[in-house]
Amino acid sequence: MTYTNDQRFLARHLDNSDEWILKIVSVQTRDAGIYECQVSTEPKISQAYKLTVVTSRAQILANRELFIQSGSDINLTCIAPQAPGPYTHMLWYKDSELISDSTRGGIRVLSEQQMKTSNLVISRVIHADSGNYTCAADNSNSDSVFVHIINSEKHAAMQHELASRILVPRILLTVLTLFYFLERVIK
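A brief look at the structure comes next.

About the criteria used
Here the residue numbers are simple positions, counted from 1 along each chain's written sequence. Whole-chain, interface and lining totals are the exception, using all residues; otherwise, since this is a predicted model, local features are given only for residues with pLDDT of at least 70 and side-chain atom pairs are given and counted only at 80 or more. To get the side-chain values, all heavy atoms of the structure are used, and hydrogens and water are removed first. Strand pairing is assigned whenever DSSP detects at least two bridges linking the two strands. Under the DSSP-based scheme used, a helix requires at least four consecutive residues in state H or I and a strand at least two consecutive residues in state E, with every element numbered from the N terminus. In this description, the term disulfide denotes a pair of cysteine sulfurs within 2.5 Å. Accessible area is worked out with a 1.4 Å probe on protein chains only. A residue is then buried under 20% of its type maximum, exposed over 50%, and partly exposed in between. The set of buried Ala, Val, Leu, Ile, Met, Phe, Trp, Tyr and Cys residues whose side-chain atoms join them within 4.5 Å is what this entry labels a nonpolar core. The criterion used for residue contact is that any of the two residues' heavy atoms lie within 4.5 Å.

## Focus: the sheet that holds strand β11 (residues 117–122)
Strand pairs in the sheet, formed through backbone hydrogen bonds, run parallel or antiparallel to each other. Strand order across the open sheet formed by 4 strands is β5-β7-β11-β10, with antiparallel pairing between neighbours. The sheet is open, and its two edges are formed by β5 (59–60) and β10 (107–112), each paired on a single side. One ladder, built from 6 bridges, connects strand β7 (residues 74–79) with β11; its direction is antiparallel. Pairing of Thr77 across the sheet is with Asn119, part of β11.

Laid out in structure tokens, this is it:
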């Protein structure tokens, strides 16, 4: 018998054997811990078992936001190292639509089941390739990154705008420092 009110826990006896099995349906992280099997003999016989529950998560090996120049290639790698056993599917999505080789030319998905990895390669990206890319593996939580496709002129403008944002505070700091020293000299 099992000593819990939780209906997910079931004790099973194998016919014509001395073996009993504890089955836990829909295992959750809170189920982790020490479980003890006891036999009602005198003296009591017991055996403790430690259950570790691993939450598998797919992981894209990249920053959460990527800036890729138009005409370049995207190469995203996804791993699911804690997935139980080899997965049967590791799928890629762009903005919740399944990516396949037929979506547009120049797309390759290369997966290795035993290594629990998948690579998404998109050649010669264009602005329409900007979006949220998600990797989803069997029995794992998914992971996403956002890819921005930028043109070289826009990139140069962004660099110039960033430089001017940094330059203005430096000039202001220099002027304030100069006023500070002038004030001290005059006094």
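From this point on, the discussion continues.
## A look at the state of the cysteines
Enumeration according to the criterion identifies 1 disulfide in this entry. Between the sulfur atoms of Cys78 and its disulfide mate Cys135 the distance is 2.0 Å. On the sign convention where negative means left-handed, the S-S torsion of about -85° between Cys78 and Cys135 marks this disulfide as left-handed. Of the two residues, Cys78 is situated in strand β7 and Cys135 in strand β12 (residues 131–137); the sequence distance between them amounts to 57 residues. With respect to class, Cys78 is no different from Cys135; both count as buried.

## What to know about unusual backbone geometry
Between Glu42 and Pro43 the backbone carries a cis peptide bond, its omega angle lying at 0°. As for its position among the elements, Pro43 is in the loop between β3 (33–39) and β4 (45–51). The backbone of Asp95 shows a phi angle near 50°, a positive value even though the residue is not glycine. With respect to the helices and strands, Asp95 occurs in the loop between β8 (90–94) and β9 (97–98).

## Some points on the nonpolar core
With 21 residues, the main nonpolar core has Ile74, Leu76, Trp92, Leu120, Tyr133 and Val147 as its most contacted residues. For this core, the secondary structure elements donating two or more residues are β6 (65–69), β7, β8, β11, β12 and β13 (143–150).

## Here we look at the side chain of Ser123
When you line up the elements, Ser123 lands in the loop between β11 and β12. Apart from the residues lying within four places of it in its own chain, the contact partners of Ser123 are Ser72, Asp73, Arg104, Gly106 and Arg108.

## Some points on the sheet that holds β6
Spatial strand order, β6-β13-β12-β8-β9: 5 strands in an open sheet with mixed pairing. Each of the sheet's edge strands pairs with one partner strand only, and the pair in question is β6 and β9. Of the pairings in the sheet, the one linking β12 to β13 comprises 5 bridges and is antiparallel in character. Residue pairing in the sheet places Asn132 in a bridge with Phe146 of β13.

## So, the environment of Leu91
Locating Leu91 in the fold gives a position in strand β8. A relative accessible area of 30% means that Leu91 is categorised as partly exposed. Placed 29 residues apart in sequence, Leu91 and Leu120 show a C-alpha to C-alpha distance of 9.6 Å. When residues no more than four places from it in sequence are discounted, the contact partners of Leu91 are Leu98, Thr134, Cys135 and Ala136.

Shape descriptors only; they carry no functional weight alone.
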